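Per-entry structural report
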Amino acid sequence: MSDRMQYVAVLGALAVATLALFFVSLTTGPADVGFGESIRALVSGDADLLTLVMREIRLPRALLGLMIGATLGLSGAVLQGYLRNPLAEPGLLGISASASLGAVVAIYTGISVAFPLGLPLAALAGAVLAVLLLRVMAGERGGTLTIILAGVAISAFAGAMTSLVLNLSPNPFAATEIVFWMLGSLTDRSMTHLWLSAPFMLAGWVMLAMLARPLDVLTLGSDAAASMGVDMRRVQFLAVFGTAASVGAATAIAGAIGFIGLVVPHVLRPLVGAVPSRLLPASALGGATVLLAADILVRLIAPGRDLKLGVLTAIVGAPFFLWLVWRTRRRML
Amino acid sequence: MTLLSLSSLSAELGRKTVLRDVALTVNEGEFVGLIGPNGAGKSTLLRAVLGLTPSQGNIELGGHAAASMSAAQRARLTSYLPQEREIAWPVTVERLVGLGRAPHLPPFTRPGATDEAAVRDAMRRMDVEDFAARRATELSGGEKARVLIARALAQEAPLMLADEPTAGLDPAHQITLMRVFAGLAKEGRSVIACLHDLGLAARWCSRLVLLANGSIVADGPPRDVLTAARLRDVYGIQAYLGEDGGGLVVHPLDLAE
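Quick look at the structure, then.

Thoughts on the interface of chain B and chain A
Contacts between the two partners involve 33 residues from chain B, matched on the other side by 27 residues from chain A. Counting the surface lost from both chain B and chain A, the interface buries some 2400 Å², and carbon and sulfur atoms represent 60% of this. The interface formed by chain B and chain A contains two salt bridges. We note a salt bridge from Arg-47 of chain B to Asp-223 of chain A, for which the minimum N-O separation is 2.5 Å. For the interface between chain B and chain A, the tally reads six residue pairs in polar contact (both at pLDDT 80 or more). Broken down by secondary-structure element, the contributors of at least two residues to the side of chain B that touches chain A are α1 (42-50), α2 (71-77), β6 (78-81), α3 (93-98) and α5 (141-154) of chain B. It is α2 of chain B that contributes the most residues to the side of chain B that touches chain A, three residues altogether.

Quick look at the state of the cysteines
Residues and elements named next belong to chain B. For the structure shown, the criterion picks out zero disulfides over all chains. With no disulfide partner, Cys-194 has as its closest neighbouring cysteine sulfur the one in Cys-205, 11 Å distant. Judged by its relative accessible area of 0%, Cys-194 is buried.

Points about the sheet that holds strand β5 (residues 64-65) of chain B
Residue and element names in this part refer to chain B. If you walk across this open sheet you meet the four strands as β2-β1-β4-β5, and the pairing is antiparallel. Strands at the two margins of the open sheet, each flanked by one partner only, are β2 (16-27) and β5. Here strand β4 (residues 56-61) runs beside β5; their pairing, made up of two bridges, is antiparallel. Across the sheet, Leu-61 pairs through a bridge with His-64, a residue of β5. Set on the sheet, α1 makes contact with β1 (2-13), β2 and β4; between it and β1 the angle comes to about 115°.

Considerations on the pattern of salt bridges
Opposite charge on two side chains permits pairing when their charged atoms draw close. Residue and element names in this part refer to chain A. Under the defined criterion, the tally for this structure stands at 17 salt bridges over all chains. Taking the shortest distance from any N to any O, the salt bridge between Arg-278 and Asp-3 comes out at 3.5 Å. Taken together, the positions of Arg-278 in helix α14 (residues 276-301) and Asp-3 in helix α1 (residues 3-26) put the pair 275 residues apart, joining distant regions of the chain. By relative accessible area, Arg-278 is classed as buried at 8%.

Considerations on a nonpolar patch on the surface
A cluster of nonpolar residues, Val-267, Phe-320, Trp-323 and Trp-326 of chain A, forms a patch on the protein surface that exposes about 380 Å² of accessible area. Here the nonpolar patch gets three residues from one element, more than from any other, and that element is helix α15 (residues 309-332) of chain A.

Topic: the packing of helix α3 (residues 49-83) of chain A against α14 of chain A
Residue and element names in this part refer to chain A. Where α3 meets α14, the closest approach of the two axes is 6 Å, and the angle between their N-to-C directions is 135°. Between α3 and α14, the angle is such that the two are oblique. Here α3 runs over α14; the crossing is right-handed. From α3, Arg-61, Ala-62, Gly-65, Leu-66, Ile-68, Gly-69, Ala-70, Gly-73, Leu-74, Ala-77 and Val-78 reach across to α14, where they touch Leu-279, Leu-280, Ser-283, Ala-284, Gly-287, Ala-288, Leu-291, Leu-292, Asp-295, Val-298 and Arg-299.

Here we look at the nonpolar core
Ile-68 of chain A together with Phe-181 of chain B are the most contacted members of the largest nonpolar core, which has 150 residues in total. With 15 residues, the single largest contributor to this core is α3 of chain A.

Brief notes about empty space enclosed by the protein
All chains considered together, the criterion is met by five cavities of 30 Å³ or more. Of the pockets and cavities examined, the largest cavity occupies roughly 60 Å³. Each residue belonging to the lining of the largest cavity can be placed in one class, and the counts come to five nonpolar, no polar and four charged.

Focus on the sheet that holds strand β3 (residues 31-35) of chain B
Residue and element names in this part refer to chain B. Across the sheet, six strands lie side by side as β6-β7-β8-β3-β9-β10; this open sheet has mixed pairing. Looking along the sheet, the strands with just one partner apiece sit at the ends: β6 and β10 (215-220). Strand after strand, the sheet turns through a mean of 15° between neighbouring axes, direction not considered. When strand β9 (residues 207-212) meets β10, the two strands line up antiparallel, connected through five bridges. Residue pairing for β10: Leu-208 is matched across the bridge by Gly-220.

Focus: the side chain of Gln-174 of chain B
Residues and elements named next belong to chain B. Within the element layout of this structure, Gln-174 appears in helix α6 (residues 171-186). The class of Gln-174 is buried, set by a relative accessible area of 17%. Engagement of the side chain of Gln-174 in a polar contact is seen with the backbone oxygen of Thr-166, the distance being 3.4 Å. Among residues more than four places away in sequence, those in contact with Gln-174 are Thr-166, Leu-169, Asp-197 and Leu-200.

A word on helix α12 (residues 232-254) of chain A
All names here are of chain A. With 23 residues, α12 extends 32 Å from end C-alpha to end C-alpha; this agrees with the ideal 33 Å at 1.5 Å per step. Most of α12 sits inside the fold, with 19 of its 23 residues counted as buried. Backbone nitrogen of Arg-233 and a side-chain oxygen of the N-cap are separated by 3.1 Å at the start of α12; the cap is Asp-231. Two residues or fewer after α12 comes Gly-255, characterised by a positive phi angle close to 80°.

Looking at the side chain of Gln-80 of chain A
Relative to the helices and strands, Gln-80 of chain A is located in helix α3. Under the relative-accessibility criterion, Gln-80 of chain A is labelled buried at 0%. Side chain to side chain, Gln-80 of chain A and Arg-269 of chain A meet in a polar contact 2.7 Å long. Those residues in contact with Gln-80 of chain A that sit more than four places away from it in its chain are Asn-85, Pro-86, Ala-88, Gly-261, Leu-262, Pro-265, His-266 and Arg-269 of chain A together with Trp-89 of chain B.

Calculation notes
Residues numbered from 1 in each chain as written. Chains lettered and ligands numbered in written order. Predicted model: local features only at pLDDT ≥ 70, side-chain atom pairs only at ≥ 80, totals over all residues. Heavy atoms only, no water. Contact = heavy atoms within 4.5 Å. Buried area = accessible area lost by both parts, 1.4 Å probe. Salt bridge = Lys/Arg side-chain N within 4 Å of Asp/Glu carboxyl O. Polar contact = N/O pair within 3.5 Å; in protein donor to acceptor, adjacent residues only side chain to side chain. Helix = DSSP H or I, 4+ residues; strand = E, 2+ residues; numbered from the N terminus. Disulfide = S-S within 2.5 Å. Buried < 20%, exposed > 50% of the residue type's maximum accessible area, 1.4 Å probe, protein only. Pairing = 2+ DSSP bridges. Axes fitted to C-alpha atoms, helices over the stretch in contact; angles between N-to-C directions. Patch = residues over 30% accessible without salt bridge, like charges linked within 9 Å, V, L, I, M, F, W, Y side chains within 5 Å. Areas by Shrake-Rupley, 256 points an atom, 1.4 Å probe, with all protein chains shown as cover. Parallel < 35°, antiparallel > 145°, perpendicular 65-115°, else oblique. Left-handed = near helix turned anticlockwise from the far one by under 90°. Core = buried A, V, L, I, M, F, W, Y, C linked by side-chain atoms within 4.5 Å. 1 Å grid on protein atoms, 1.4 Å probe; cavity = no way out; pocket = protein on both sides within 12 Å on 5 of 7 lines; lining within 4 Å. Points joined across faces, edges and corners; volume = space filled by probe spheres on them. Nonpolar A, V, L, I, M, F, W, Y, C, P; charged D, E, K, R; others polar. Expected span 1.5 Å × (residues − 1).

In structure tokens form, the structure reads like this:
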């Protein structure tokens, strides 16, 4: 099998898996309805209860799962390629931590209760502040080390501020609400959440997709890439703003969901011949597959307990990552 | 035709002046060896030409000011082999060499027949066809070096700038590489290579440029540049200088008294 055919086969398999899990997600929930009946209710024009459940609860949840998963996979693949480091992940730039801080402040101040989109808007504002700070710190020449260090510093500061808000929270209920939000979830998200976040995610995807060929050339290092016509400042701009728009919006809606952006590109890399440009669509589909699967599992494992999505991805993702490290270590010996 | 023309070129790294008032013209068909002791400014000169290091002065590529060129325009005129031989991901050798075609491809297009021919030609010249399908990260140091040179060759730019291209190569592949560069010069392309091996430089380059402390102290055919006095003054060495049928023979013997 030629390597191009293998690549097409990998993309095809991931697309089928994503589509299948999308429909499973649509038909999973506390309302015990059959698959055919749910889908009929979704497409029918009747204003009955099931149609309402499908259109207002399950459809946005499945669509958001798809888009947020794709965002995490794609941005993880881009950042690993840009920084030429398999340990890079979407949270590295401090965008997720800052978006979380925005959301936490919204909960603390009551903005999230005062008007319905207060929380995601505050989270987006957090992401915007982080990216502006990152740009100031990163400087003109487009170096990667300053980006990483600035990202670490921004993450640490946003984390500290989040702790401060928790520390000062007026009552245990507010603190609980904040902690629960931070665990990450897609429960009870509406079409409005989708309309708010989708434009940012789509804009981010376009910016990240434009990096396909530059990331391939970056395999040779940044000096060689620059000598081959890659404008490193443009690459940095697209990587930072593409990640900020898509991951900022994803975090604003679902909270911080870890490990998908780290593990998915890592697992898929050998399947696409380690070619960075090929890893982008594969990781986007892979991220969507994993997030949809996780969001189905939280509903199946503990239907009444509202198991949080971020908890599940970390419980599964961290040991899996350890195994990856173990395997790499053995290969290096 | 003049491929590269530098005048009053200066560069600083931090507070140290690394290049001062350099003037250099390279025409089609030249194989220029850029020689000089460590820290003389050889790498900085190449990097300044490529716009990787900020510099003051005039740089013209193919008769046009480099400052007004886009990165892509520059990449069609010059290829570069950096000293750091980074291969970040385990891609196949063939694909890695194929990256050299990137400056010629419009966005979102796939390589065509011309590109594939250029890649095959580059792999043949550097003798890496046998491991075309292997992962570039799994090769030995010398094999990697040859693959990266093939990548730069595949770019098919009229001017190639190579920073210590012979480092890590066995004698046979060092000579192969020198032959490849001399062959490019015969075809009307030009090569500027930073070299530490004076023997190779003396024998294969059509012209040597000797840098010391950021200035050009000698420029001309190897016989004129490599004199016992210069080797003593610039490098601080005494060397055997001789002739055989193939040209000048230079072999460092000891430190100068």
